[in-house]
Amino acid sequence: MTQVLHTVRPSTKTSRMRTQLAPGVARKQIPTELPRNGWKAARMGADLEISITWGVALGWRMERHLLDPVGSGSVSDVVGQLGAVLAMDESLAELAVRTRRTTSRPGELSKALADGSLIKVFAFRGSMHYLTPEEGGVYLAVRAAGRQWELPSWVEYYQLGPADWPDFRAAVRDALQDGPLTIHELGDLVTRPRAYRHLKPVFDDGAGTLVKPLTWQGDMSFGLPRDGQPTCQRLDHNPRWKGIPDLDDAGPRAITMYLRTYGPATFDHIHYWLGSGLSAGRKRLDRWLSELGDRLVAVDVEGTPAYALAEDVESLAAARPSNAVRFLPGHDQWVMGPGAKDIHVTPSTHREAVTRKANPVIAGGVVCGTWAAKGDELTVAWLEGTPPPRKAIEKEARRLAAILGTDLHLTLNH
């Protein structure tokens, strides 16, 4: 069934703050710990856990994601709250940030990169991400823990052994001393010495894989493009850069940063984000989780053992399910953070569309449809069997129109 609705125009109205206690939240006594892979989460008080519904959990997470209510912070505030924003498609990255801000303008993401309030590096799943210079080093420390550049396949292909990397890294930093360079310009300088001359064809081809460890180890980041080409710059030239912390300090911090935005989370969620995403390794994750000790609280989410930070329990217990409808860009952190396999966020019937970078429509935190804008036409495909919330969809369409700065003619298919 297709409904052609009226033209939606930009609006600046935003959601109001939620203050009432959510239904379905309870505290209960539990007789035992909830072990997972050898570690035990500490509990709030004596044998006490919080028991909530998925609606409450997602409602709390929607607030942490600045989606309900929409946030009023800066670009760097949004990226810092999410931990990372995928940067492989700049238009999607900008929309991911702007949809979480009550007021925004085009180009503010690039401005944040230019003034150093954001950095762009290779991070999760081998892809380029925006991070904050204050917290980005935490994720990079975890990413570098696997030392992939020491794998036999790397050594054989690049003819750089583990002992060669300190000098190679220094050569790259020296080349970038006077300012940003394109990959080809960087290659021209770095490969002048005989030791690195064999890498000239690698740089000529883009050096995508070779430079990844240089960002993981804090030697360089990416700047604004020049003539359509990405530029490289020294990361330590950014006055906001806090450096790469010690790995055993970074690991527990990375877990707490994840739980602060993506909790309540299971061990599998944490392993997906830091293990599969950053190659932290299961043994390291187990140890870091154990070290967090009484900072973790067990959360029963409709029978699923999950964990949250003790400092977040009060706000989690006060949360309520969200009724907000949001239009998100493809590969948004709302989906990527817990992973597309999390059926509580992305039902299995919708997973293929989401993994193919379709723009998701979420209702109450659950992917219920997709949207696409072409010119002044906005098409929403409602994938659920229940009737779509027409008024909420129209309201969000007006908000999207305001972000894009255009009138949109909405068509709702269901």
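Coordinates for the structure precede this section.
Residues numbered from 1 in each chain as written. Predicted model: local features only at pLDDT ≥ 70, side-chain atom pairs only at ≥ 80, totals over all residues. Heavy atoms only, no water.

Draft legend 1. Molecular detail of the overall build of the protein. In terms of helices and strands, the protein carries 17 helices and 18 strands. Counting every position in the protein, which comprises 414 residues, the buried fraction comes to 53%. The long-range fraction of contacts in the protein, counting pairs at least 24 apart against all pairs at least 6 apart in sequence, stands at 67%. Surface summary for the protein: the accessible area is close to 18,000 Å², and the carbon and sulfur share equals 50%. (Helix = DSSP H or I, 4+ residues; strand = E, 2+ residues; numbered from the N terminus. Buried < 20%, exposed > 50% of the residue type's maximum accessible area, 1.4 Å probe, protein only. Contact = heavy atoms within 4.5 Å. Areas by Shrake-Rupley, 256 points an atom, 1.4 Å probe, with all protein chains shown as cover.)

Draft legend 2. Inspection of the packing of helix H1 (residues 54-64) against helix H11 (residues 247-262) at higher detail. Where H1 meets H11, the axes come as close as 7 Å, and the angle between the chain directions of the two elements is 110 degrees. In terms of orientation, H1 and H11 fall into the roughly perpendicular class. Across the interface between the two elements, Trp-60, Arg-61 and Arg-64 of H1 pack against Leu-259, Arg-260, Thr-261 and Tyr-262 of H11. A breakdown of the residues in the contact of H1 with H11 according to their chemical character gives three nonpolar, one polar and three charged. (Axes fitted to C-alpha atoms, helices over the stretch in contact; angles between N-to-C directions. Parallel < 35°, antiparallel > 145°, perpendicular 65-115°, else oblique. Nonpolar A, V, L, I, M, F, W, Y, C, P; charged D, E, K, R; others polar.)

Draft legend 3. Here's a closer look at the environment of Ala-401. Along the chain, Ala-401 turns up in helix H17 (residues 390-404). Residue classification places Ala-401 among the buried positions, given a relative accessible area of 0%. Residues Ala-401 and Asp-376, 25 residues apart in the sequence, show an inter-C-alpha distance of 9.2 Å.

Draft legend 4. A look at the nonpolar core. Formed by 76 residues in total, the largest nonpolar core has its most connected members in Phe-168 and Leu-210. By residue number, the principal contributor to this core is H11, which donates seven residues. Apart from the residues lying within four places of it in its own chain, the contact partners of Phe-168 are Leu-160, Val-190, Tyr-196, Leu-199, Phe-203, Leu-210 and Leu-214. (Core = buried A, V, L, I, M, F, W, Y, C linked by side-chain atoms within 4.5 Å.)

Draft legend 5. Layout of the packing of helix H5 (residues 136-144) against H11. Orientation of H5 relative to H11, taken along the N-to-C sense of each, is 115 degrees, at an axis distance of 8 Å. The element H5 and its partner H11 pack so that their crossing is left-handed. The segment H5 lies against H11, with Val-138, Tyr-139, Ala-141 and Val-142 engaging Leu-247, Ala-250, Gly-251, Arg-253, Ala-254 and Met-257. When grouped by side-chain class, the residues that make up the contact of H5 with H11 number eight nonpolar, one polar and one charged. (Left-handed = near helix turned anticlockwise from the far one by under 90°.)

Draft legend 6. The side chain of Gln-148, seen in detail. Relative to the helices and strands, Gln-148 resides in the loop between H5 and helix H6 (152-158). Given the relative accessible area of 13%, Gln-148 is considered buried. Other than its neighbours up to four places away in sequence, Gln-148 contacts Arg-143, Trp-154, Trp-216 and Ser-279.

Draft legend 7. Quick peek at the pairing of strand E11 (residues 229-234). Here two bridges tie strand E9 (residues 181-182) to E11, and the two strands are oriented antiparallel to one another. Within the sheet, the bridge partner assigned to Thr-182 lies in E11 and is Thr-231. As paired elements, strand E10 (residues 220-226) and E11 share five bridges and run antiparallel to each other. Counted as the bridge partner of Phe-222 is Cys-232 from E11. In textbook terms, the turn of a hairpin is the stretch between consecutive antiparallel strands, and for E10 and E11 this stretch comprises two residues, one of which, Asp-227, has a positive phi near 55 degrees. (Pairing = 2+ DSSP bridges.)

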